[in-house]
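Residue-level structure breakdown
Single-letter residue listing:
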Amino acid sequence: MKKFLVLFIGLQLVGCAELQKVVSQLPSQGGLTQEQIGNGLRQALDNGIQHQVSKLTAKDGFYKNELVKILLPEELQVVDRGLRKIGLSSLADEGLRAINRTAEDAVKTATPIFVNAVKEITFTDAKNILLGEQNAATTYLQGKTNTALYGKFHPVIQNSFAKVGADKIWANLISKYNSIPFVKQVNPDLTDYVTQEALEGVFTMIAVEEKGIREKVGLRNTDLLRRVFALQDKI
């Protein structure tokens, strides 16, 4: 705890040169440079993109992953329940799979945006990430990419509804539901909802990788990752 307080005060009061001196004096670090610290954080984010985000682009990458599976919005859960009550569970399941398929399709467009954002990490960003919460790197990446990703995801998901047949599935599903006597008619636009849920899923999986690297030395799969995150371990 005392080490943390000393380092925290140092971060607030000294410039980059002095900060490096403070960092290099931590035990067993061998005097990491500012560039090395930044590169270590970039590697951690690259791992999240490579190991976790790529999983989401596979078939059932969303649908069979309980951490990120896209469920129906509240206003459509009544549709799901209504169809299952009249023996149309398979149709309800098909509709759920279809919206997850569109998210899988959209995530394929994310990597170039992430790569650019990771390249832009400054030393100030890196030190704040390293000494931050378990999802500090993910939060940084989310802040840098969320708007651009939404702009990429939305049209892809809109097109994917047709590409994977989700538009016809949901037209049929909603038509079936609306034919049930005495129910309130629904006709929602799912594109924005699925876009937001897909984004949330992407950052959830990056956070999984970041948390693992912070907590488990065995997941630090390069010498630089081990050296940089050892700084965090000392605090």
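No experiment lies behind these values; they were computed from the predicted model shown.

1. Observations regarding the overall build of the protein
- Helix and strand content of the protein: 11 helices and zero strands.
- Counting all 235 residues of the protein, 45% fall into the buried class.
- For the protein, contacts bridging at least 24 residues in sequence account for 81% of all contacts bridging at least 6.
- Carbon and sulfur atoms make up 53% of the accessible area of the protein, which totals about 12,100 Å².

2. Concerning the packing of aromatic side chains
- For the structure on display, the rule yields one aromatic pair.
- Ring centres 6.0 Å apart and planes at 80° place the aromatic pair Phe-114 and Phe-203 in the edge-to-face group. Linking Phe-114 in helix α6 (residues 111–119) with Phe-203 in helix α10 (residues 191–215), this pair joins segments that are 89 residues apart in sequence. We note that Phe-114, like Phe-203, is buried.
- In this arrangement the basic side chain of Lys-69 is found over the ring face of Tyr-63, its NZ or CZ atom lying 4.6 Å from the centre.

3. Digging into the nonpolar core
- Ranked by internal contacts, the top residues of the largest apolar core, which has 60 residues, are Ile-99, Phe-114 and Phe-153.
- Here Ile-99 is in contact with Ile-70, Leu-71, Leu-72, Phe-161, Trp-170, Leu-190 and Val-194, once residues within four sequence places are set aside.

4. Thoughts on the environment of Gln-43
- Locating Gln-43 in the fold gives a position in helix α3 (residues 34–56).
- Put simply, Gln-43 and Asn-221 are 178 residues apart on the chain and 9.5 Å apart in space, counted from C-alpha to C-alpha.
- Contact partners of Gln-43, with chain neighbours within four places excluded, come to Thr-222, Leu-224 and Leu-225.

5. Notes on unusual backbone geometry
- You will see that Asp-60, though not glycine, has its phi angle at about 70°, which is positive.
- With respect to the secondary-structure elements, Asp-60 resides in the loop between α3 and α4 (74–85).

6. Some points on the environment of Leu-219
- Residue placement: Leu-219 occurs in the loop between α10 and α11 (223–234).
- Every residue in contact with Leu-219, bar those within four places of it in the chain, is listed here: Gly-212 and Ile-213.

7. Details of the pattern of salt bridges
- For the structure on display, the rule yields seven salt bridges.
- Among the ionic pairs, Arg-214 bridges to Glu-210, the shortest N-O distance being 3.0 Å. You can see Arg-214 and its partner Glu-210 sitting in helix α10, four residues apart, about one turn around the helix. For the residue pair Arg-214 and Glu-210, the accessibility class agrees, reading buried in each case.

8. Thoughts on the confidence of the model for the protein
- For the protein, the mean per-residue pLDDT works out to 79, and 83% of the residues sit at or above 70.
- Confidence, expressed as mean pLDDT per element, reaches its minimum in the protein at helix α1 (residues 2–13) with 34 and its maximum at α10 with 91.

9. Some details on α6
- Along α6, the residues that are buried comprise Ile-113, Phe-114, Ala-117 and Val-118. The arc that holds the buried residues of α6, viewed along the axis, is 130°, so those residues lie on one side.
- The elements touched by buried residues of α6 are α3, α8 (136–163) and α10.

10. Focus: the packing of α6 against α8
- Between α6 and α8, whose axes approach to 10 Å, the crossing angle comes to 150°. In terms of axis orientation, α6 runs roughly antiparallel to α8. Between α6 and α8 the crossing geometry is right-handed. Contacts between α6 and α8 involve Ile-113, Phe-114, Ala-117 and Val-118 from the former and Tyr-140, Leu-141, Lys-144, Thr-145, Ala-148, Leu-149 and Lys-152 from the latter.

11. Observations concerning the side chain of Asp-125
- For Asp-125, the location among the structural elements is in helix α7 (residues 123–130).
- For the buried Asp-125, which has no salt bridge, the nearest side chain bearing the opposite charge is Lys-144, at an N-O separation of 5.1 Å.
- The contact partners of Asp-125, leaving out residues within four places of it in the chain, are Glu-120 and Tyr-140.

Cut-offs applied
Residues numbered from 1 in each chain as written. Predicted model: local features only at pLDDT ≥ 70, side-chain atom pairs only at ≥ 80, totals over all residues. Heavy atoms only, no water. Helix = DSSP H or I, 4+ residues; strand = E, 2+ residues; numbered from the N terminus. Buried < 20%, exposed > 50% of the residue type's maximum accessible area, 1.4 Å probe, protein only. Contact = heavy atoms within 4.5 Å. Areas by Shrake-Rupley, 256 points an atom, 1.4 Å probe, with all protein chains shown as cover. Phe/Tyr/Trp six-rings, centres within 6.5 Å; stacked < 30°, edge-to-face > 60°. Lys NZ or Arg CZ within 6 Å of the ring centre and 35° of its normal. Core = buried A, V, L, I, M, F, W, Y, C linked by side-chain atoms within 4.5 Å. Salt bridge = Lys/Arg side-chain N within 4 Å of Asp/Glu carboxyl O. pLDDT = per-residue confidence, 0-100. Arc of directions from axis to C-beta. Axes fitted to C-alpha atoms, helices over the stretch in contact; angles between N-to-C directions. Parallel < 35°, antiparallel > 145°, perpendicular 65-115°, else oblique. Left-handed = near helix turned anticlockwise from the far one by under 90°. Lys, Arg positive; Asp, Glu negative; His and termini not counted.

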